[in-house]
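# Secondary and tertiary structure notes
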Amino acid sequence: MPVSTPAYYRVIAMNGTRIGFGGPIVVAPSFNIATYDLPRIGAAIGDPNADSCLDLASASGNVTNGNCLGTFTARNLTDAGLADLLATGRTNGDSRFADFSGDRRDDLFSNTLSPASDPASRALMHVNQGTGDYLTNAAVTALGIGGFGGTLLAADFDNDNDIDLFAPHDHTQGDGARNWLLRNVGGGAFTDVAVASGIDSNPAGTDFIPRGGQAVDFNEDGRVDLLFGSRLLINNTSGTFSDGSAAAGMPVRADQGLKLVDVDLDGDLDLVHHDGAVTRLYRNTAGVFDGGTIVHQNTTAATFGYGLNACDINGDGFEDVVIASNDVATGKGVPILLVNVNGQLTPSTIPRELTAGTNDLVALNDLIACGDVDGSGVADIVSRWGQTYRMLLAKSSLGTRLRIRVLGSGGERNQQGRVVRIVPRSSPTRIMTRAIESGSGLRAQNQYDLLVGAPWAGVYDISVRFTAGVVTATADPGDALTIYEDGRVVDGLQ
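I will try to describe carefully the structure that is included in this document.

What counts, and at which threshold
- Chains are numbered independently. Their residues run from 1 in the order of the written sequence.
- Since the coordinates come from a predicted model, pLDDT governs what is reported: local features require at least 70, and pairs of side-chain atoms require 80 or more to be given and counted, while whole-chain, interface and lining totals use all residues.
- Only hydrogens and water are removed before side-chain values are computed, so all heavy atoms of the structure are retained for them.
- We define a nonpolar core as any set of buried Ala, Val, Leu, Ile, Met, Phe, Trp, Tyr and Cys residues linked to one another through side-chain atoms lying within 4.5 Å.
- Here's how the labels work: a residue is buried when its accessible area is under 20% of the maximum for its type, exposed when over 50%, partly exposed in between, all with a 1.4 Å probe on protein chains only.
- Helix and strand assignments follow DSSP, with helices taken as H or I runs no shorter than four residues and strands as E runs no shorter than two, numbered in order from the N terminus.
- Residues are treated as being in contact if the distance between any of their heavy atoms lies within 4.5 Å.
- A side-chain nitrogen of Lys or Arg and a carboxyl oxygen of Asp or Glu constitute a salt bridge if their distance falls within 4 Å.
- When DSSP locates at least two bridges between a pair of strands, those strands are taken to pair.
- Here an axis means a line fitted to C-alpha atoms, over the contact stretch when the element is a helix, while the angle between two N-to-C directions is reported on a 0 to 180 degree scale.
- Any pair of nitrogen or oxygen atoms within 3.5 Å is treated as a polar contact; in protein, a donor-acceptor pairing is required on top of that, and neighbouring residues in sequence qualify only through side-chain atoms on both sides.
- Classification of ring pairs uses Phe, Tyr and Trp, with its six-membered ring standing for Trp, and accepts pairs whose centres are within 6.5 Å; under 30 degrees between planes counts as stacked, over 60 as edge-to-face, and the remaining range as tilted.

Another aspect to go through is the nonpolar core. Formed by 25 residues in total, the largest nonpolar core has its most connected members in Val420, Ile422, Ile462 and Ile483. For this core, the secondary structure elements donating two or more residues are strand S35 (400-407), strand S36 (419-424), strand S39 (450-454), strand S40 (460-465), strand S41 (470-475) and strand S42 (480-484). Counting residues per element, this core draws most heavily on S35, which supplies four residues. Apart from the residues lying within four places of it in its own chain, the contact partners of isoleucine 422 are Leu402, Ile404, Arg430, Ile431, Met432, Arg434, Val452, Tyr460, Asp461 and Ile462.

Here's what the structure looks like:
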């Protein structure tokens, strides 16, 4: 039929910005790239020397006059008290920063990727001596924890104000491996309660091998739950866990990384799942995941990748997703960045790193973590890349950030897994939902503090679900604040 009114079209150059319908402008990410030759310990980010600069287990973040530079210096593992992580016969798996001893300094717990029957390869805990150097905890070594470990999850599972640790393992190897739930009985001393809690074993089959994982208060009852190995285990008040997988629609599918992310800012946590070749998004409606949608798959070449994580790298309030990806034929590749455009994950490019003088990619990429390593207010990406680590420092940003630190009543960093919501009053349907980092993705750990994009003007309402109830606060774009379990809210990061 004839058109009786003029039609107008707006043409937008896509090499600069992308427009998310109904949402803020999304800046196409760009990075400064640095490569570091570090011991292959893992992709855990923490601040063990309490200088406000983020470190890796194998490297220290450089600092000048209190300002982080985003550069790293390899640690001498012997001088740091960490040499036994890579002792002869031991294969390190995941490593987890957390203040297990309660002195407000990050300790380090590490599992293995080797048969549980191998006496030379055991889980280790290194106790921070107050300076970022460590002493091995002999009592943890004596527990004899071994096996092909999944993602370590650190959180206060029994709500007694100290940090416990869940260490799941692959049971399909026939090596006698099992899961461990180490209850912190004070000062970093542990008692294994996995059997009593009902989580020492996994269902049979490869779909239930624990690889990726996350600890989070999924049902927001004040108890931190467990997500791993195709299961969502709900924390009961009795010190046990019940299987909530079926009720939540948890997919039974082997993973090489998974994470709960509020992709569409509707106030609940969706599930991003990477099986090594295909990445799927399972949207959450009232605590139940849908059947899943493929958000990335290479249909032209066979690929694999061991690693996934999520962070907001352009400050638009939507968390983006990064997945490891390598060509099956060569065993080399480049991670894939899925930019979150108003709730839709859209593939973008990460710069290739090539062998000098050739067009050959350098190496296999795997574990991925996020943190603001240069203090710029932008989340940066750390990726393990062959025998090196690659740091992608985000160059572009949009708007301002909120920095939020969530602490126990005594100032302890022991609130891993707590759910935080940040809502702009000018756009109240945009409910940014985050969880305090417990270890996530695949054998990786992002920074503890929340770094939240604040592109909407005006006041933001913030709520944190603690054990005893909800604590609320308000903030303006650019603010930093500390929220305590006892209800105090203090300007700045305490």
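Next comes the rest of the account.
Attention now goes to the pattern of salt bridges. Considering all chains together, one arrives at 15 salt bridges under this definition. The shortest N-O distance in the salt bridge between aspartate 366 and arginine 40 comes to 3.8 Å. Of this pair, aspartate 366 sits in strand S32 (residues 365-371) while arginine 40 sits in the loop between strand S3 (31-36) and strand S4 (43-46), and the two are 326 residues apart along the sequence. Classification of aspartate 366 by relative accessible area gives buried; the value is 7%. Among the charged side chains, a network of salt bridges with common partners joins Arg40, Asp366 and Arg384.

This brings us to the sheet that holds strand S15 (residues 189-192). Read across the open sheet, the four strands follow the order S12-S13-S14-S15; overall the sheet is antiparallel. Both outer strands of the open sheet, strand S12 (153-155) and S15, are each paired with one neighbouring strand and no more. Taking the axes of each pair of neighbouring strands and ignoring which way they run, one obtains an average angle of 25° across the sheet. Bridge count between S12 and strand S13 (residues 164-167): three bridges; the pairing is antiparallel. Bridge pairing in S13 links alanine 155 to aspartate 164.

What follows deals with the side chain of glutamine 415. Looking at where glutamine 415 falls in the secondary structure, it is placed in the loop between S35 and S36. At a separation of 2.7 Å, a polar atom in the side chain of glutamine 415 contacts the side chain of asparagine 414. If near-sequence neighbours (up to four positions away) are discounted, glutamine 415 is found in contact with Val406, Leu407, Gly408, Ile436, Tyr448, Phe466 and Glu485.

A separate point is the side chain of asparagine 284. Position of asparagine 284 among the secondary structure elements: in strand S23 (residues 284-285). Under the relative-accessibility criterion, asparagine 284 is labelled buried at 4%. Within the structure, asparagine 284 has its side chain in polar contact with the backbone nitrogen of glycine 287 (distance 2.8 Å). Within the local environment of asparagine 284, its side chain forms a polar contact with the backbone nitrogen of valine 288, the two atoms lying 3.3 Å apart. Apart from residues lying up to four places away in sequence, asparagine 284 is in contact with Phe218, Asp266, Asp268, Leu269, Asp270 and Phe289.

Moving on to the environment of alanine 116. Of note, alanine 116 is situated in the loop between strand S9 (107-112) and strand S10 (124-128). Along the backbone, alanine 116 and aspartate 175 are 59 residues apart, and their C-alpha atoms lie at a distance of 5.5 Å. Ignoring anything within four residues of it in the chain, the contact list for alanine 116 reads Arg122, Gly146, Gly147, Asp175, Gly176 and Ala177.

Moving on, we get to the packing of aromatic side chains. Using the criterion set out here, one finds eight aromatic pairs in the structure. When the centroid spacing of 6.5 Å and the interplanar angle of 90° are considered together, the rings of phenylalanine 109 and phenylalanine 190 count as edge-to-face. Linking phenylalanine 109 in strand S9 with phenylalanine 190 in strand S15, this pair joins segments that are 81 residues apart in sequence. Judged by its relative accessible area of 13%, phenylalanine 190 falls in the buried class. With a centroid separation of 5.7 Å and an interplanar angle of 45°, the aromatic rings of phenylalanine 218 and phenylalanine 289 are classed as tilted. Here phenylalanine 289 lies in strand S24 (residues 288-289) and phenylalanine 218 lies in the loop between strand S16 (213-216) and strand S17 (225-228), a separation of 71 residues in the sequence. Neither residue differs from the other here; phenylalanine 218 and phenylalanine 289 are each classed as buried. Aromatic ring contacts, followed pair by pair, group Phe100, Phe109 and Phe190 into a single cluster.

Another point: unusual backbone geometry. Even without glycine at this site, asparagine 161 takes up a positive phi of about 80°. Residue position: asparagine 161 is located in the loop between S12 and S13. A relative accessible area of 45% means that asparagine 161 is categorised as partly exposed. One non-glycine residue with positive phi stands out, namely arginine 443, at about 45°. In this fold, arginine 443 is placed in the loop between strand S37 (432-435) and strand S38 (444-445).

This paragraph deals with the pairing of strand S33 (residues 380-385). Where burial is concerned, most of S33 is hidden: six out of the six residues are buried. Here S32 pairs with S33 via five bridges, running antiparallel. By the bridge assignment for S33, asparagine 365 is matched with tryptophan 385. Here S33 runs beside strand S34 (residues 388-394); their pairing, made up of five bridges, is antiparallel. Of the residues in S34, the one forming a bridge with serine 383 is arginine 390.

By themselves, these figures tell us nothing about what the structure is for.
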